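# Structural features, examined
Residue strings, one per chain:
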Amino acid sequence: MGLLSLLLLAFMSLLPNINTYQFRNEESLRVTIAYEMSKSSQYLQPYLLGEPYYNKPPLFNWLIVLYSNFIPWSELTARAVSLTFLMLTLLTIFIFSYHLFKNLSLSLLSALSFLTFGNVLFFYGYLAEIDITFTFFTFCTMLSLYMWLRQDKLFWGVCASFLAGIGALLKGFPAYAFYALTFLSLAVYQRRWNILTSRKVLFVHSISLILPALWLLNTCDPLLYLKTLFYESFSRVGSGNFSRTKHMLTFPFFNLKDMLPNSLLFFVALYMLIRQRKFEFPQDIRLLSLVFFVNYLPYLFSNSAGRYVMPLYPLLAVIFSFYMHKSTENAGFRKLLYTTLLFTVILRFAYGFIYFEYYNHRESSRKLIAEKIIKSIDLSSAIECQCRQELSVCLYVSLAKGEPLKQKLPNALYSISCEEEKTGKVLMRFHVDSYQIKLLRLKPNG
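Described below are features of the structure shown in this document.

Cut-offs applied
Residues numbered from 1 in each chain as written. Predicted model: local features only at pLDDT ≥ 70, side-chain atom pairs only at ≥ 80, totals over all residues. Heavy atoms only, no water. Helix = DSSP H or I, 4+ residues; strand = E, 2+ residues; numbered from the N terminus. Buried < 20%, exposed > 50% of the residue type's maximum accessible area, 1.4 Å probe, protein only. Disulfide = S-S within 2.5 Å. Phe/Tyr/Trp six-rings, centres within 6.5 Å; stacked < 30°, edge-to-face > 60°. Salt bridge = Lys/Arg side-chain N within 4 Å of Asp/Glu carboxyl O. Contact = heavy atoms within 4.5 Å. Patch = residues over 30% accessible without salt bridge, like charges linked within 9 Å, V, L, I, M, F, W, Y side chains within 5 Å. Areas by Shrake-Rupley, 256 points an atom, 1.4 Å probe, with all protein chains shown as cover.

### Looking at unusual backbone geometry
- Cis rather than trans, the peptide bond between L260 and P261 has omega equal to 5°.
- Assignment of secondary structure puts P261 in the loop between α13 (244-258) and α14 (262-275).
- One non-glycine residue, N17, lies in positive phi territory at about 60°.
- Within the chain, R277 stands out as a residue other than glycine whose phi angle is a positive 55°.
- Summarising the element assignment, R277 is placed in the loop between α14 and α15 (283-301).
- Looking at R277, the relative accessible area reads 80%, which means it is exposed.

### Some thoughts on the state of the cysteines
- Scanning the entire structure with this criterion turns up 2 disulfides.
- Across a sulfur-sulfur distance of 2.0 Å, C385 and C394 are joined as a disulfide pair. Since a negative S-S torsion denotes a left-handed disulfide, the C385-C394 link at about 80° is right-handed.
- The disulfide bridge from C387 ends at C418, spanning 1.6 Å between sulfur atoms. The sign of the -50° torsion about the S-S bond sets the C387-C418 disulfide as left-handed. With C387 in the loop between β3 (383-386) and α19 (391-401) and C418 in the loop between β4 (414-417) and β5 (425-432), this pair connects stretches of sequence that are 31 residues apart.

### What about the packing of aromatic side chains?
- Under the definition given, this model contains 37 aromatic pairs.
- Both rings, one in F23 and one in Y396, keep their centres 5.3 Å apart while their planes meet at 35°; by these two values the pair is tilted. One end of the pair, F23, is in the loop between α1 (2-12) and α2 (27-40); the other, Y396, is in helix α19, and 373 residues separate them in sequence.
- Measuring from ring centre to ring centre gives 5.7 Å for F173 and F230, while their planes differ by 85°; the resulting arrangement is edge-to-face. One end of the pair, F173, is in helix α9 (residues 173-189); the other, F230, is in helix α12 (residues 222-234), and 57 residues separate them in sequence.

### A closer look at the pattern of salt bridges
- The tally for this structure, following the rule as stated, stands at 14 salt bridges.
- One salt bridge in this structure joins E75 and K367, with 3.1 Å as the shortest N-O distance. With E75 in helix α4 (residues 75-101) and K367 in helix α18 (residues 366-376), this residue pair connects regions lying 292 residues apart in the sequence. Take E75 and K367: they sit in the same class, and that class is buried.
- Between E129 and R307 there is a salt bridge whose closest N-O contact spans 3.9 Å. Of the two residues, E129 is situated in the loop between α6 (118-124) and α7 (131-151) and R307 in the loop between α15 and α16 (313-327); the sequence distance between them amounts to 178 residues. Neither residue differs from the other here; E129 and R307 are each classed as buried.
- A network of salt bridges, in which partner residues are shared, links E26, R30, E129, D131, K171 and R307.

### Concerning the side chain of T182
- Following the sequence through the fold, T182 ends up in helix α9.
- Not counting residues within four places of it along the chain, the set of residues in contact with T182 comprises M142, L145, V291 and N295.

### With respect to a nonpolar patch on the surface
- On the surface, a nonpolar cluster with roughly 420 Å² of combined accessible area is contributed by L9, M12, L15, L342 and I346.
- Put simply, the parts of the chain that give the nonpolar patch at least two residues each are α1 and α17 (331-360).
- Within the element layout of this structure, I346 appears in helix α17.

Set out below in structure tokens:
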């Protein structure tokens, strides 16, 4: 029961101040699009500040809009989506691990390992970003493919293909890459060469295209959307001063850092098992390792951020936990494991209670800046946002106003601007990073 208590405690550590912590990273982008979608009732074509947005499909925005029917628009509205799919991911990891090993404590440890990966517990597990939701659907796609090739039941193939289509509505082409590479690695592992060219199988694959195609054909410009999604997915293969060799050497270490403390505990467990000659590499672990490695290669060779491999975290959580659980036969390692994970959870509570409050009240806090702007203007007036890099400020003003700000308004009385050339009377000026956020009062003719 100690693992279950730790798992529940770890999830609870995500909750302190989650409803007030200001929008971070791309959260404001996702929520701004969802808010505009909700107010305009244009759900098929996303808009950003009144302009068509083509960089991502709309499913995550749809989910935020759905949650807004139950949770009034705030930081929590969007983060509740991520928390929901985090819970579903933990449950799926637990069920899959139990299916493989029929061991309750090992299954709980697998779920706990995923939750306490640094990148999950301290960042993307609760932020209103696509990653954890995409991780859930990608992992379910992988498991469906696993069941399909293991049991040879077409039902699982249809499920996998359908889930890949849902993943494509979240992030576009990466969903198909995970689907294809997982299917290929499983087929090669089982030496089922005939399944690679079977007409029945090709028909199953085509199911993954149905939902994205139906949505895409109802957008403003399907070809432009498709071209933009393709560019978003493949532009990082090589760009600018990107050094492939340096990336290949450093990227795995960044990934291991993102998965602390469990990546370190895994290597300690591995060392102990090898030293005691108890190391084993069973078939299921070999298969999961192969699926991970094949899916990891594209990110190893391209200019990728560490969070892009998050859909592979559940596989690693199961692999790591298999060896860590085996090492708990040693009392010293068992104590180290529990102590480390408990310390990590305590640190996460402190992060939520202390750091979130500090971050919100810094002089450069976007939430604080927005509150000052809101108090200084007539919210019933026309307000434009000419500062796309500071969407958080514009979003908070939009939520207070009760309608989305637009980038271009001919009758705008106020403008939130980061542009030096923008004319108008400067009412407020905020120094952030290497530029300024300015509140301007415009002339009556805009």
